[in-house]
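Each chain, written out:
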Amino acid sequence: MISTVVWGTGNVGRAAIRAVEAHPALKLAAVIVHNPDKVGRDAGELAGLTHALGVPATDDIASVLAAGHRAVVYAASGDIRPDDALADLARAVRSGAVVVSPALYPLYDHRSAPPEFRDPIVAAVAEGGGSLFASGVDPGWGNDVLPLLISGLGTTVDVIRCQEIFDYSTYDQPDSVRHLVGMGQPMDFEPMMLMPSVPTMVWGGQIRMMARALGVELDEIRETSDRRALDTTVRTPTMGEFEVGTQGAIRFEVQGIVEGEPRIVIEHVTRIHASCAPDWPSPPDGAGAHRVVIEGRPRIEVTIEATDEGDNRSAGGNATAVGRLVGAIDWLADAEPGLYDALDVPLRPAVGRLGRKQA
């Protein structure tokens with residue numbers, strides 16, 4: 001059994017605890033928390049399970065990493081604290097652990113990552129002998145292995161389009177939703193996520209990975225964006241009120257340009273309420289979905305809906321992203337130390353998990 005630590009117990013961390021506990025090759029050894037109110041609470045309670053796992057949460061990072069656990073799922077956010085997240089990841093890798101995480105977008109394609117992100121991890125690998133596999137929480141498989149797999153079913157391929165289409169009203173991340181994405185802000189407010197070059201920083205690595213796998217050269221990466229205001233004030237179950245006239249929806253694309261045309265596209269359509277921007281693409285049930293469209297011959301469209309923690313689409317997306325990361329740990333444990341991306345790490349069947357239930 002691979003002794004595994006989960007670092008963070010938010011939206012991603014809850015799913016990570018459940019995934020580690022369910023994996024037959026892994027054993028949950030420790031849970032690291034930041035909030036002092038969570039210290040001492042059982043991991044099963046923090047993960048929303050109905051039974052205890054016998055692992056009390058701790059904020060003693062040094063002691064946990066010094067214990068020599070084989071793997072770490074780093075589930076803390078890096079959206080608004082990238083420097084801290086990078087330091088944490090390097091620290092975990094330096095301990096000799098296999099580390100998986102969605103925290104830092106630039107490391108999704110480490111080959112194109114800026115030196116200030118890549119170099120500390122390379123140094124940590126050399127010093128401690130650990131590994132890092134970073135893949136997106138949006139989820140990564142929807143922007144790399146899934147579209148590449150489906151593209152192989154086509155005779156000719158003109159455009160690969162990866163879409164995330166979501167209603168964020170149930171997404172329990174107020175800072176990200178209101179400030180990073182800009183929902184509920186005045187229309188003259190510029191959300192950080194839509195600032196020039198930021199979408200490319202976040203999703204450009206996945207565009208580059210897909211281009212590399214497809215054997216094509218990118219001319220450049222372009223960005224487009226659009227925003228819509230709310231026609232009426234809406235109230236959400238997790239984040240309160242969003243006023244009429246403030247931002248209620250965004251739509252943007254990160255486009256990989258090949259021979260002058262957008263051929264590899266990652267598109268996000270995000271709303272705080274289904275009534276906003278009704279002419280934009282919508283998920284089948286109005287809540288959320290990930291979609292891959294292969295324009296070519298034949299035209300192929302695949303829509304995936306995932307739910308978790310009740311009927312929550314956002315939680316379902318988190319859970320599938322976590323499943324990809326946690327499912328890679330035993331493969332990484334047998335691999336050489338280093339940095340890995342989604343093209344390196346195979347997506348494998350759920351061996352030993354069929355019929356395994358959690359409460």
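Residues numbered from 1 in each chain as written. Predicted model: local features only at pLDDT ≥ 70, side-chain atom pairs only at ≥ 80, totals over all residues. Heavy atoms only, no water.

Here's the deal with the sheet that holds strand 5 (residues 98–101)
Backbone hydrogen bonds are what pair the strands of a sheet, in a parallel or an antiparallel way. Read from one edge of the open sheet, seven strands run 3-2-1-4-5-6-15, paired in parallel fashion. At either end of the open sheet lies a strand with only one pairing partner, and these are strand 3 (57–58) and strand 15 (338–340). Pairing geometry for strand 2 (residues 26–32) and strand 3, over two bridges, is parallel. Pairing of Ile 32 across the sheet is with Thr 58, part of strand 3. Where helix 5 (residues 115–128) meets the sheet, it contacts strand 6 (131–134) and strand 15, and its direction lies at approximately 130° from that of strand 15. (Pairing = 2+ DSSP bridges. Helix = DSSP H or I, 4+ residues; strand = E, 2+ residues; numbered from the N terminus. Contact = heavy atoms within 4.5 Å. Axes fitted to C-alpha atoms, helices over the stretch in contact; angles between N-to-C directions.)

Remarks on the pairing of strand 4 (residues 71–74)
The side-chain alternation of strand 4 yields two buried faces, one formed by Ala 71 and Val 73 and the other by Val 72 and Tyr 74. Where strand 1 (residues 2–7) and strand 4 come together, four bridges link them in parallel fashion. Residue pairing in the sheet places Val 5 in a bridge with Val 72 of strand 4. Pairing of strand 4 with strand 5, which is carried by three bridges, proceeds in the parallel orientation. (Buried < 20%, exposed > 50% of the residue type's maximum accessible area, 1.4 Å probe, protein only.)

Focus on the side chain of Gln 247
Locating Gln 247 in the fold gives a position in strand 11 (residues 247–258). Its relative accessible area of 0% is what places Gln 247 among the buried residues. Those residues in contact with Gln 247 that sit more than four places away from it in its chain are Val 181, Gly 182, Met 183, Gly 184, Gln 185, Met 187, Pro 191, Arg 227, Arg 228, Ala 229 and Leu 230.

Let's talk about the packing of aromatic side chains
Across all of its chains, the model carries five aromatic pairs by this definition. Ring centres of Tyr 105 and Tyr 108 lie 5.6 Å apart, and the angle between their planes is 80°; on these two criteria the pair is classed as edge-to-face. Note on Tyr 105: relative accessible area 15%, which makes it buried. Geometrically, the ring pair formed by Tyr 105 and Trp 203 is tilted, given 6.1 Å between the ring centres and 35° between the ring planes. Separated by 98 residues along the polypeptide, Tyr 105 in the loop between strand 5 and helix 5 and Trp 203 in helix 8 (residues 198–214) bring together distant segments of the chain. For the pair Tyr 105 and Trp 203, one class covers both residues: buried. Among the aromatic side chains, those forming a connected cluster through ring pairs are Tyr 105, Tyr 108, Trp 203 and Phe 252. Positioned above the aromatic ring of Phe 242, the side-chain terminus of Arg 178 is 3.9 Å from the ring centre. (Phe/Tyr/Trp six-rings, centres within 6.5 Å; stacked < 30°, edge-to-face > 60°. Lys NZ or Arg CZ within 6 Å of the ring centre and 35° of its normal.)

Some remarks on the pairing of strand 7 (residues 156–167)
Summarising the sheet, strand 7 and strand 13 (residues 288–297) pair through ten bridges and their orientation is antiparallel. Bridged to Arg 161 within strand 13 is Val 293.

Concerning the packing of helix 4 (residues 82–94) against helix 5
Where helix 4 contacts helix 5, the axes come no closer than 8 Å and their chain directions differ by 20°. By the angle between their axes, helix 4 is roughly parallel relative to helix 5. Between helix 4 and helix 5 lies a crossing of right-handed hand. In contact with Pro 82, Leu 86, Leu 89, Ala 90, Val 93 and Arg 94 of helix 4, helix 5 contributes Glu 116, Phe 117, Pro 120, Ile 121, Ala 124, Val 125, Glu 127 and Gly 128. Residue composition of the contact of helix 4 with helix 5, by class: ten nonpolar, one polar and three charged. (Parallel < 35°, antiparallel > 145°, perpendicular 65-115°, else oblique. Left-handed = near helix turned anticlockwise from the far one by under 90°. Nonpolar A, V, L, I, M, F, W, Y, C, P; charged D, E, K, R; others polar.)

Notes on the side chain of Asp 138
Mapped onto the elements of the fold, Asp 138 is located in the loop between strand 6 and helix 6 (145–151). The charged side chain of Asp 138 is buried without a salt bridge, its nearest counter-charge being Arg 324 at 11 Å. Here the side chain of Asp 138 touches Trp 203 through a polar contact of 2.4 Å, side chain to side chain. Those residues in contact with Asp 138 that lie beyond four places of it in its chain are Asn 143, Glu 164, Trp 203, Gln 206, His 268 and His 290. (Lys, Arg positive; Asp, Glu negative; His and termini not counted. Salt bridge = Lys/Arg side-chain N within 4 Å of Asp/Glu carboxyl O. Polar contact = N/O pair within 3.5 Å; in protein donor to acceptor, adjacent residues only side chain to side chain.)

Some remarks on unusual backbone geometry
In this structure, the amide linkage connecting Asp 138 to the following residue, Pro 139, adopts the cis form with an omega of -15°. Take Pro 139: it is sitting in the loop between strand 6 and helix 6. The residue after Arg 297, namely Pro 298, is reached through a cis peptide bond having omega -5°. A positive phi is found at Ser 197, a non-glycine position, where the angle reads about 85°. Mapped onto the elements, Ser 197 comes out in the loop between helix 7 (174–180) and helix 8.

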